[in-house]
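Residue-level structure breakdown
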Amino acid sequence: MRDDVLHKLTTTLADCYGIIGIEDLNLKGLLKNRRLSRSFSDAALGKLLNLLAAKVEQRGGQVISVGRFFPSSKTCHCCGWKWQEMQLSDRVFLCQNPKCAYYQIEQDRDYNASLNILREALRLIGLIDQAVSGTGSDEDVNLAVDAG
Ligand SMILES: [Zn+2]
């Protein structure tokens, strides 16, 4: 039953998304933590990640692993403000930067972290820079060079 769930989930993800950012979690370390080990071994995370990578690559996509020390949970996805004292028990992220659009707006911890992981994954493969430089302003430069 577990394998069936893993296959269906990874097929759905691979069919829907060409680029997937994942957090490179320390699986062995998590399994040593008594409180977390049961839920993590039951979830068969290692198998899930292997299936996901295989199916995404088979479809021409890419799974990008973000380093485990990247502060995905402690960073506001909007402004980059860091909540240094955040604990595992804090399930809601509250940005304390008054200039941020999310200032003191409750964000789900995992959703905020997932946005940070996606952005870091895109940065690692250079897609964020391409998106910024491909907005049309660089076309003017090319035209100027051609005309000159
Ligand atoms: Zn913020």
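Attention in this report is confined to the structure presented alongside it. Bear in mind that the values here come from a model prediction, so they are computed numbers and not experimental data.

Our next topic: the coordination of the zinc ion. At this site the zinc ion is bound by Cys76 (SG), Cys79 (SG), Cys95 (SG) and Cys100 (SG), with donor distances of 2.3 to 2.4 Å. Classification of the site at the zinc ion rests on its four donor atoms, whose angles at the metal span 101 to 114°, yielding the label tetrahedral. Sequence positions of the donors to the zinc ion reduce to the motif C-x2-C-x15-C-x4-C. One end of the pair, Cys79, is in the loop between β2 (62-66) and β3 (92-93); the other, Cys95, is in the loop between β3 and β4 (107-108), with 16 residues separating them in the sequence. On the basis of relative accessibility, which here comes to 33%, the residue Cys79 falls in the partly exposed class.

Right, let's get into helix α5 (residues 109-124). Between its first and last C-alpha, α5 extends 23 Å over 16 residues, near the 22 Å set by a 1.5 Å rise per residue. Those residues of α5 not exposed but buried are Arg109, Asn112, Ala113, Asn116, Ile117, Glu120 and Ala121. Each element contacted by the buried residues of α5 is listed here: β1 (19-23), β2, β3 and β4. Taking the backbone nitrogen of Asp110 as reference, a side-chain oxygen 3.0 Å away marks Asp108 as the first, capping residue of α5. A positive phi of about 80° marks Gly126, the residue just after α5.

Basis of the calculations
- Residues numbered from 1 in each chain as written.
- Predicted model: local features only at pLDDT ≥ 70, side-chain atom pairs only at ≥ 80, totals over all residues.
- Heavy atoms only, no water.
- Donors = N, O, S within 2.8 Å, 3.2 Å for Na, K, Ca; no water.
- Tetrahedral: all angles 85-135°; square planar, octahedral: opposite > 155°, others 65-115°.
- Helix = DSSP H or I, 4+ residues; strand = E, 2+ residues; numbered from the N terminus.
- Buried < 20%, exposed > 50% of the residue type's maximum accessible area, 1.4 Å probe, protein only.
- Expected span 1.5 Å × (residues − 1).
- Contact = heavy atoms within 4.5 Å.
- Polar contact = N/O pair within 3.5 Å; in protein donor to acceptor, adjacent residues only side chain to side chain.

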